[in-house]
Amino acid sequence: MASDPAAIRPATLIDSCVLLDVITGDERWADWSAREIAAAMDAGRVVINPLIYAAASVGYQTVEELESARATSWSARKLWLPPSR
């Protein structure tokens, strides 16, 4: 058994459309998506993978622009992106 309690908590993979709802402040879905991300954070780790990160980046000119948008969203800034190998 893992000695770190966080290691045994479930992880929820957040899809790019949910991430973009929150980042862009989508009128129809932002509140729902933010609530679902918050609920997943309460249950355990919330992660995105490099493919989801890439899909979310399409509307941005630079990585810095995407990171800035992600950093301004309370729920999106806490998402963990695993290191690429």
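Up top is the structure.
What comes next concerns the included structure. (Residues numbered from 1 in each chain as written. Predicted model: local features only at pLDDT ≥ 70, side-chain atom pairs only at ≥ 80, totals over all residues. Heavy atoms only, no water.)

Some thoughts on the side chain of S33
Here S33 lies in helix 2 (residues 30-43). For S33, a relative accessible area of 0% corresponds to the buried category. Each residue touching S33, except ones within four places of it in the same chain, is listed here: V18, D21 and V22. (Helix = DSSP H or I, 4+ residues; strand = E, 2+ residues; numbered from the N terminus. Buried < 20%, exposed > 50% of the residue type's maximum accessible area, 1.4 Å probe, protein only. Contact = heavy atoms within 4.5 Å.)

What to know about the packing of helix 1 (residues 16-24) against helix 3 (residues 50-57)
As a packed pair, helix 1 and helix 3 sit with axes 9 Å apart at the nearest point and diverge in direction by 45°. In terms of orientation, helix 1 lies oblique with respect to helix 3. Crossing geometry of helix 1 relative to helix 3 is assigned as right-handed. Contact residues: helix 1 offers S16, L19 and L20, while helix 3 offers I52, A55 and A56. Looking at the contact of helix 1 with helix 3 residue by residue, the classes come out as five nonpolar, one polar and no charged. (Axes fitted to C-alpha atoms, helices over the stretch in contact; angles between N-to-C directions. Parallel < 35°, antiparallel > 145°, perpendicular 65-115°, else oblique. Left-handed = near helix turned anticlockwise from the far one by under 90°. Nonpolar A, V, L, I, M, F, W, Y, C, P; charged D, E, K, R; others polar.)

Considering the packing of helix 1 against helix 2
At their nearest, the axes of helix 1 and helix 2 sit 8 Å apart, and the two run at 115° to each other. Along this stretch, helix 1 crosses helix 2, giving a crossing that reads as left-handed. Residues V18, D21 and V22 of helix 1 form the contact with helix 2, whose own contacting residues are A30, S33, A34 and I37. Here the contact of helix 1 with helix 2 is built from residues that sort into five nonpolar, one polar and one charged.

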